[in-house]
Structure formats: structure tokens, C-alpha cells
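# Observations on the three-dimensional arrangement
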Number of protein chains: 2
Amino acid sequence: MHNFKVGDSAIVNKTISEADIVAFAEISGDHNPLHLDAEFAANSRFGQRIAHGALVSSLISNVIGNQLPGQGSIYLSSSLKFRAPTFIDDTITATATISSIREDKPVFVLACVCRNQRGEVVCEGESVVLYEP
Amino acid sequence: MHNFKVGDSAIVNKTISEADIVAFAEISGDHNPLHLDAEFAANSRFGQRIAHGALVSSLISNVIGNQLPGQGSIYLSSSLKFRAPTFIDDTITATATISSIREDKPVFVLACVCRNQRGEVVCEGESVVLYEP
């Protein structure tokens, strides 16, 4: 069983480096020049390279897999809105908070939000995980 | 402007290696032993290590960022259900299909699905992107 309750929360911080973006492009194969090409990105609405949304949201996987509920978490679903770009060397704080727990089995619904160092929400949404530690 | 229409589709294939899982654990910081520890995973419901859901779904970012609609795509939202595990050396085919396009601006809704080499759906859902090539 588990000792988690609604309202429990966990946090992780990470500064997204250029190396992270390049590595994520390699793993995912997503070579969108908005992430990789300074000249292309300079002409975009953002004026500079941005991190892949899926790289930023991987910090939610981090909080869930390491802390809340932690090891043995199995992702059932994920729903996210991307609100603002993440630039190279932005520091992202990902927070997950338990919003509900099923009574019949250890399925957790978590409200998830990623903010940058200025406190702006860059993405937010909900993850559902099965917890089998 | 663009020449895309509802029903347009694109595909990418990738075999998820152990090295991909280790690299994704490093980038995301998600060190859940279900992904990394053979002994822990042997005692899980899956009986072996599985890929991070967020690693598998990064192939959707790949299809969108590279092909459909391609470079200059900006993620607005993503919603996914994880249906089945992905094991080391499974080959995943990610498919994105345009399900709607806004008339007033280049916002695409894409139906996305990832299948393994046995044709089983491992994850599926919807992504919304703004296209500014």
C-alpha cells in the first residue's frame, strides 16, 4: 500500500542547457530548427532557440518517477498545455501535486506545472499514474 | 501559408535501445528503476525493464517537428494515453494525422499513435501545434 494523500506535492529544478536540447534532439530525432538553428530561430516569434516542449515536460516524468509517487510509477496518461517558451539556460521548476487517488487501486491523478525562473508557467496539465513500488 | 489538409499523415520508426533509455534518464533525470534496474523490473507487472513513456512519446515530437507540419512547429498542447509498455529493442512506429486545421490561423490538431512491431498501440492521443515555418 502507500501513505500518499491528496495535496502531497513534490518539486524538481533543472536548468535546460544547450547540451540538453542537442541531446534531446538526438534521442527523439526531432531536429526542428526552432530548437537547433540560431538563425532560423532568430526569425521566429521567439527570436531565439527554444527547448522542445517534450524536453521541458520530461521534468514531470522526473518528479513522478523519482518522488511522487516515485519508483514503480507507471504512466497511464498525460495531458499538457504549453503556455510559454523555454529558452537555453532557463531554470525550470516542475511541481506535481496529488489531486486524487482512486480508492480501489493505487491510481494517482497529479496536477503538474512547470515554471521558469521568472515564475511564468511554461506548461501545465495532468498526469495519471499507476503506482506499483 | 501552407498546403496541408485534413487527413495528411506522416510516420517515423525507431527502435528504442537500452542506450536511449539510459540517455533519456540522464536528460530528464527520471531514474525510476522500472526503466533502469533489471532486478526491480523483473519483479514488476512487466517482468522486464520498460522505456519511459515520455521517451516513447518523444517520437510524436519527432514526426511533428520534422515532417507534419515540420520545421517551425510550436507545440501548444499534447494529450496522450499509454496503453502498453515498450521494452528494450522494441521498434515503435509513430504516426501523426491531421484531424483539423483552424481557418483563421495555422493551428493543426493531429491524431497521434505509436505502435510496436506487433502492431499493438503503446500510446495514442492528440497534439495541437502552431505552424510558423
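Structure shown above.
Structure report, in brief. (Residues numbered from 1 in each chain as written. Chains lettered and ligands numbered in written order. Predicted model: local features only at pLDDT ≥ 70, side-chain atom pairs only at ≥ 80, totals over all residues. Heavy atoms only, no water.)

Moving on, we come to the environment of Met1 of chain B. Mapped onto the fold, Met1 of chain B is located in the segment before strand S1 (9–15). The spacing of Met1 of chain B and Pro133 of chain B is 132 residues in sequence and 8.8 Å in space, taken between C-alpha atoms. (Helix = DSSP H or I, 4+ residues; strand = E, 2+ residues; numbered from the N terminus.)

The next thing to look at is empty space enclosed by the protein. Applying the stated criterion across every chain, the model contains one cavity of 30 Å³ or more. Put simply, the largest cavity is a space of about 240 Å³. Forming the boundary of the largest cavity are 19 residues, of which Ser57 and Ser78 of chain A together with Ser57, Ser78 and Leu80 of chain B lie nearest the centre. For the lining of the largest cavity, the elements supplying multiple residues, two or more each, are helix H5 (58–66) and strand S2 (73–82) of chain A together with helix H4 (53–56), helix H5 (58–66) and strand S2 (73–82) of chain B. Of the residues that constitute the lining of the largest cavity, the class distribution is 10 nonpolar, nine polar and no charged. (1 Å grid on protein atoms, 1.4 Å probe; cavity = no way out; pocket = protein on both sides within 12 Å on 5 of 7 lines; lining within 4 Å. Points joined across faces, edges and corners; volume = space filled by probe spheres on them. Nonpolar A, V, L, I, M, F, W, Y, C, P; charged D, E, K, R; others polar.)

With that settled, consider the packing of aromatic side chains. Overall, the coordinates contain eight aromatic pairs over all chains when judged by the stated rule. Between Phe4 of chain B and Phe108 of chain B the ring centres are 5.6 Å apart and the planes differ by 85°, which places this aromatic pair in the edge-to-face class. On the criterion of sequence distance, the pair formed by Phe4 of chain B in the segment before S1 and Phe108 of chain B in strand S4 (residues 107–115) is long-range, its members being 104 residues apart. When its relative accessible area of 22% is taken as the criterion, Phe4 of chain B is described as partly exposed. Taking the relative accessible area as the measure of exposure, Phe108 of chain B reaches 0% and is therefore buried. Taken together, Phe4, Phe108 and Tyr131 of chain A form an aromatic cluster joined through their ring pairs. (Phe/Tyr/Trp six-rings, centres within 6.5 Å; stacked < 30°, edge-to-face > 60°. Buried < 20%, exposed > 50% of the residue type's maximum accessible area, 1.4 Å probe, protein only.)

To continue, consider the pairing of S2 of chain B. Of all 10 residues that make up S2 of chain B, seven are buried, and the element is covered over most of its length. With five bridges joining them, S2 of chain A and S2 of chain B adopt antiparallel strand pairing. By the bridge assignment for S2 of chain B, Ser77 of chain A is matched with Lys81 of chain B. Alignment of S2 of chain B against strand S5 (residues 121–131) of chain B, held across nine bridges, turns out to be antiparallel. Looking at S5 of chain B, one finds that Ser79 of chain B is bridged to Glu126 of chain B. (Pairing = 2+ DSSP bridges.)

Residues and elements named next belong to chain A. Looking at the secondary structure, you find Ala111 in strand S4 (residues 107–115). Look at Ala111 and you get partly exposed, because its relative accessible area is 34%. For the pair Ala111 and Ser79, spaced 32 residues apart in sequence, the C-alpha to C-alpha distance is 9.8 Å. With sequence-adjacent residues up to four places away left out, Ala111 is seen in contact with Thr95, Ala96, Thr97, Ser99 and Gly125. (Contact = heavy atoms within 4.5 Å.)

In this section: the sheet that holds S4 of chain B. Ordered in space as S1(A)-S3(A)-S4(A)-S5(A)-S2(A)-S2(B)-S5(B)-S4(B)-S3(B)-S1(B), the 10 strands form an open sheet in which the pairing is antiparallel. Looking at the sheet topology across the chains shown, the edges are occupied by strand S1 (9–15) of chain A together with S1 of chain B. The average undirected angle you get between the axes of adjacent strands in this sheet is 20°. The pairing of strand S3 (residues 91–101) of chain A with S4 of chain A spans eight bridges and is classified as antiparallel. If you follow Ala96 of chain A over to S4 of chain A, its bridge partner there is Cys112 of chain A. Sheet strands in contact with H5 of chain A are S1, S2, S3, S4 and strand S5 (121–131) of chain A, and its direction is about 135° off that of S1 of chain A. (Axes fitted to C-alpha atoms, helices over the stretch in contact; angles between N-to-C directions.)

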